[in-house]
Amino acid sequence: MDLYIYYRVRSVQTQALQDKLGAVQAMLQARFGIAGKLKRRPGEQDGLQTWMEVYEHLPSGREGDFSHTLEQALAEAGIPALLDGPRHVERFEDVAPCA
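Here goes a summary of the coordinates provided. Because the structure is a prediction, the values reported are computed rather than measured.

1. Brief notes about the nonpolar core
Leu17, Tyr55, Phe66 and Leu70 are the most contacted members of the largest nonpolar core, which totals 20 residues. Elements supplying a minimum of two residues to this core: β1 (2-10), α1 (14-32), β3 (48-55) and α2 (63-77). Of all the elements, α1 adds the most residues to this core, at 5 residues. The contact partners of Phe66, leaving out residues within four places of it in the chain, are Leu3, Leu28, Phe32, Ile34, Tyr55 and Leu58.

2. What about the sheet that holds strand β4 (residues 88-92)?
One open sheet accounts for 4 strands, arranged β2-β3-β1-β4; its pairing is antiparallel. Strands with a single pairing partner mark the edges of an open sheet, and in this sheet they are β2 (37-40) and β4. Pairwise comparison of adjacent strand axes, ignoring direction, gives a mean angle of 20 degrees for this sheet. Note: β1 against β4, 5 bridges, orientation antiparallel.

3. Digging into unusual backbone geometry
Of note, Asp46 is a non-glycine position whose phi angle comes to about 55 degrees, a positive value. Here Asp46 lies in the loop between β2 and β3. Relative accessible area serves as the criterion here: at 70%, Asp46 is assigned to the exposed category. A positive phi angle is found at His57, which is not glycine, with a value near 60 degrees. Secondary-structure assignment places His57 in the loop between β3 and α2.

4. Considering α1
End to end, α1 covers 26 Å across 19 residues, agreeing with the expected 27 Å (1.5 Å per residue, within 8%). Where α1 is buried, its residues contact β1, β2, β3 and α2.

Reading the values: the criteria
Residue indices follow the written sequence of each chain, beginning from 1 at its first position. At least 70 in pLDDT is required for a residue's local features to be given in this predicted model, at least 80 for side-chain atom pairs to be given and counted, and no such filter applies to totals for whole chains, interfaces and linings, which use all residues. Note that the side-chain values use all heavy atoms of the structure and ignore hydrogens as well as water. Think of a nonpolar core as a cluster: buried Ala, Val, Leu, Ile, Met, Phe, Trp, Tyr and Cys residues, connected wherever their side-chain atoms sit within 4.5 Å. Note on classification: 1.4 Å probe, protein chains only; a residue is buried when its accessible area is under 20% of the maximum for its type, exposed when over 50%, partly exposed between these limits. For the purposes of this entry, the term helix denotes a DSSP run of H or I that reaches at least four residues, the term strand denotes a run of E that reaches at least two, and both are numbered from the N terminus. In what follows, a contact means two residues having at least one pair of non-hydrogen atoms within 4.5 Å. Strands are labelled as partners when DSSP assigns at least two bridges between them. Simply put, an axis is a line fit to the C-alpha atoms, just over the touching stretch for a helix, and the angle between two N-to-C directions goes from 0 to 180 degrees. To estimate how far a helix should reach, multiply one less than its number of residues by 1.5 Å.

Keep in mind these numbers describe shape, not what the thing actually does.
As structure tokens, this is what we get:
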């Protein structure tokens, strides 16, 4: 299972967001062995940028633990206050090849 989480952030908040997310992602890697990726859509519109966190290959049966730990860490770091609107979480799984 992979998580793709996207949201908008005001351009003036991007450095603070990047710093705080870096700390959260370092903790997740140490705890779960999952190295998160941080991406940004090129450009901005009306002073807003679209950012995305990517967490690939979540351990089977531990997605709930990972998601709960992620949300708790984000709240403790004050990240929701830096965002412009909600975070959108998308879950994708690998497709098994046809035999």
